[in-house]
Structures are given as C-alpha cells and as structure tokens.
Amino acid sequence: MAEQAITGWRKWAEDIGEQCVFFARFFRNIFTGSFEWSEFVRQCYEIGYRSMMLVGITSFIMGLVLVVQLRPSIVALGAESMLPKTLTVSFIREIGPVITAIICAGKIASSIGAELGSMKVTEQIDAMEVSGANPLQYLVVTRILATSLMVPLLAVIGDVIGLFGGFLALNITDNISLPLYFHKCIASLDFSDFLPAVVKTIFFGFAIGFVGCYKGYHSNKGTESVGIAANSAVVTASLWIFVIDAIAVQITSLLFYK
Amino acid sequence: MKATNGNISPKKPASTQKDEVVIHAKGIKVGFVDNEVLKNITFDLKRGENMVVLGKSGSGKSVTIQCIVGLLKPDAGDLTVFGQNVAEMNDDELKQLRMKIGFLFQSGALYDSMTVRENLEFPLTRVLKLNDQQEIDKRVEEVLDGVGLLDAIDKLPSDLSGGMRKRVGLARTLIVKPEIMLYDEPTTGLDPITSREISELILNMQKKYKTSSIIITHDMECARITADRIVVMDDGEYIAEGSYKELQKSDNKMVRSFFNETT
C-alpha cells in the first residue's frame, strides 16, 4: 500500500518535472529557428474561426439565461434599471472568459491532445524528429501561441454576443431599445473590468494549448493512448482554468478593487 | 555535408572507399526497466552495403536502428556514425547527422494532414531550408516518379493504399539524398506482390542513390532480394551472419527455421 503511494507520488513528481522541461523547450523554441507562420495561421483558423459558432451560441444562451434568472431578484430590490450593468460586469469580468475557456478546453485541448497523440502513435512525430526537422517548433509552438491569441479574441466575441442574449431576454419583458441597452452596458464598464479579464484569457489560452500539446506529445504508443490523451487534456486544462481564474481574481482585487 | 539555404551541395561520400565503415557498433546494450532488449550488439556497416537484420518480433531489431538515429540512447557500448559517437552528440550535431540518414518507418509515417506533395516538400523546406519553388517542385516530381507515384501527388495519405504509403514514405526519405537508409520492416502488412515490388524498389533506389542501408525485416523474400549481408538476431543478440546463400546452409536452429519457411 505504502509502496503504491510512493510510486504514485514519484510518477506525479516525474510528470511535473517533464512538464517543466516541456515548458522550457517550448519557450526556447519560440526564439530559436524560423517561426512556422503558415502553420500558425492555419492553427489560428482551426482554433479561432472554427470555435466561434460554439462560443457564440453558448455565450448568447448564457447572457439570455442570466437575465432571466437575475431579473426577479433585481426587480424585488427595485433596481430594474441596474440589470444591464449587472449583466455586463458579471459577464465581462467572469462569466464570459470562463465559459469561453471551458468551451475551448473541451473543444481545442481535446482536439490538440488527440491529434498529437495520434501523430505519436503513428510515428509521425518520430518521423519529423529523425528527418532533422523540429516537431516542437512545427507542432507545439504554433498551437500554444495560436490558443494564447485566439482564446482572448473568442472571449471578447463571446462577451458581445452574450450581451446580445441579455438584450433579447430583457426586451421580452421590458421595452428597451438596443442603443439604450448598449449605452447602459458600456457606461457601466471600467478599464479595470475589461483589461484583467482579457489578460486572464491569454493565460487560459496558454493553459489550453500547453496541456493539449503536452498530453498529446507525451502519450504512450497505442490507440488507447489517444483517447486517454484527449480526455486527460480536457480534465487538466479545465482544472487549470479554475486555478488561474482564482489566482487572477485575487491579483485583480488587490490591484483594482481595494 | 551541410545543406545551405537555397543551395544544396551535391551529396558525395566523404570518402569513396568501398570498405569505409559508415556505422560502427560495439557492445551495444539497451534495456527498458527490467528487460534487456539489446545484449552486446556489435556490427559494422560499410559504404554502399545493404545489411539485412532478420529476427522474430520483439527480438530488438527496431531498437538497433532507433539507437543509430538517436531516438534511443544505448546503456552501454560505442555507436559511431560517420566516425561520430551518437550518444555524445548535442541537439545540433544530432540534427546534422539525421540529415544524412533516411528512416523509413513500418507504417510509412506520412503526415496525414498534408498531401503527398506537402509531405515531400516538408523535409526540403524545413530541413534543407530550400526556398526556390521550382527546385522544390523538380525534386518532388523526380523522386515521386522514381517510386512510380507521380499521379498521387495531390492525394492525401488517407486516399493511398498501404503499399503506396510506403512508396511515398520512401520518396520522402530519399528526397534529401541521405547517405544511409534505415528501413523498419518495409514489407510488413503488404501482399506478396506489393512486398516484392517494395523490395525491388529498395534495391533500385540503393543503386540509384548509392546509399548504405540497414533493412529490418522478417520477410525472407525481402531479405533475398535486397541483402548483401544478413545478420540474424534472437533475444537481443546477433546469432549468425553471412550472405543469403551461406545462411541457407546454417546449422543454427533459429536460422534454419527462418529459411525453412521459404523452402
């Protein structure tokens, strides 16, 4: 029993060590060799454009549902006019970035984990390595940078679409015009609401790309490993999103909301 | 020989001596956890020679060639390629070495998100750093024509049969004009006719590009067609060595079991 626990801890420690080495190799490869622009652009398209519909629909529904759920409490408090502000601040600061990141963890981290895992199983990564090419530069650097760029963009787009969802819900019960609604939304926003939210989505994107690449790149050789890599990438990336969010909220509170 | 940006120096052997040893392995040992996969492997590969390594599955054949390209490091012994010790090489030296070695994987290992053309362009643009599209196209078409698959240039690997994938895989390794070719079970999973075609293609390519080759296989027909010399491996050790005809007369039980299958 104790031996199993020790083995488990040793494996965990080894995994952490491997992740640190992988991170260092990723970082070194950003600055050495030629950057794979065409692959980076392709990944931005795959990751960003192809996730836009999913993020848009989810954010729209979240905005709509949030207003429907909030309205009775806000009306009871007699602060109906505060509804656009409440929605905007909660959506921009927290709900939008986290929902977008969780959606991306499910879609992108799993897809990267499965893709690289399957490349590992079919010896494509080994083939790149023995040919003298740099698989880290081609496969890993491009994907991690693409997620770090695209997840914040998706979060911003998701925020805007979520506010539209909120408008639809609000417009069913209250007669408010779109320009007035958005005027209220924007007027309620501070720089300190927007900037930390965008910055944390960069870290969310990085975590999604990094975990997906690490799990896929280090999967075992066997078809079962592809599924394990994809599954493990989603679980680990989702966990990291909440950890990063908790840290980001603490830092933001200290810096902006004293 | 180093390739320069956009300008490739012709690949001529450093020395044209036929007896020049390009790979020298002495006392190689490799183990995984409690399992010793290679036990005291010693061999030389001479320039222009085709050496076939025969052995049962799991006897350590593939591990040998993975050590040669630095995918695995031996636990003990000396392994030198072109006079350089592989285990002591840094990343840049290993990259330079790998540019001189072609490795054909058992599955072909084609990049499945790329077309055949893109698969072949990949080592030219990423490894040799060629920029001239005309030169790239010329090389791609020439090597694809050599393996008889010029028609498949714009197809994806998923549209190709197993034999075609191996041909494209072979073309992709030959396009950088390697001095050494390592084949990991090139005919496994193919029908006898396609296996023979692949074996003959290996021989033709070896003559055309004047490469030294190690061919890992348990296909006796492939060994007969391609081998200048055969070594037989069992349980991580070399147990016999000689030409196809010499080994046919061997008294060793394991060697005989290989040859009896074909007679």
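Residues numbered from 1 in each chain as written. Chains lettered and ligands numbered in written order. Predicted model: local features only at pLDDT ≥ 70, side-chain atom pairs only at ≥ 80, totals over all residues. Heavy atoms only, no water.

1. Things to note about the interface of chain A and chain B
Here is step 1 of the chain: Contacts between the two partners involve 17 residues from chain A and, on the opposite side, 21 residues from chain B.
Here is step 2 of the chain: Buried surface at the junction of chain A and chain B, both sides included, amounts to about 1600 Å², of which 53% is carbon and sulfur.
Here is step 3 of the chain: Of all residues in chain A, Glu123, Gln124 and Val130 of chain A bury the most surface against chain B, accounting for 34% of the area lost on that side.
Here is step 4 of the chain: At the boundary of chain A and chain B, one finds two salt bridges.
Here is step 5 of the chain: We note a salt bridge from glutamate 36 of chain A to arginine 126 of chain B, for which the minimum N-O separation is 2.7 Å. (Contact = heavy atoms within 4.5 Å. Buried area = accessible area lost by both parts, 1.4 Å probe. Salt bridge = Lys/Arg side-chain N within 4 Å of Asp/Glu carboxyl O.)

2. What to know about the nonpolar core
Here is step 1 of the chain: Ile23, Ile68 and Ile214 of chain B are the most contacted members of the largest nonpolar core, which totals 129 residues.
Here is step 2 of the chain: In this view, isoleucine 68 of chain B contacts Ile23, Phe43, Leu79, Val81, Val86, Leu97, Ile101, Leu182 and Ile214 of chain B; residues no more than four positions away in its chain are not counted.
Here is step 3 of the chain: If you look at the next biggest cluster of nonpolar residues, it comprises 14 residues, including Phe167, Leu170, Ile176 and Tyr181 of chain A. (Core = buried A, V, L, I, M, F, W, Y, C linked by side-chain atoms within 4.5 Å. Buried < 20%, exposed > 50% of the residue type's maximum accessible area, 1.4 Å probe, protein only.)

3. Thoughts on the sheet that holds strand β9 (residues 229–234) of chain B
Residue and element names in this part refer to chain B.
Here is step 1 of the chain: Read from one edge of the open sheet, six strands run β6-β7-β8-β3-β9-β10, paired in mixed fashion. The open sheet has two edge strands with one neighbour each: β6 (101–104) and β10 (237–242). Averaged over all neighbouring strand pairs, the angle between strand axes comes to 15°, with direction disregarded.
Here is step 2 of the chain: Examined bridge by bridge, β9 and β10 share five bridges and lie antiparallel to one another. Along β10, the bridge assignment pairs aspartate 234 with glutamate 237. (Pairing = 2+ DSSP bridges. Helix = DSSP H or I, 4+ residues; strand = E, 2+ residues; numbered from the N terminus. Axes fitted to C-alpha atoms, helices over the stretch in contact; angles between N-to-C directions.)

These results come straight from atomic positions and should not be treated as a statement about function.
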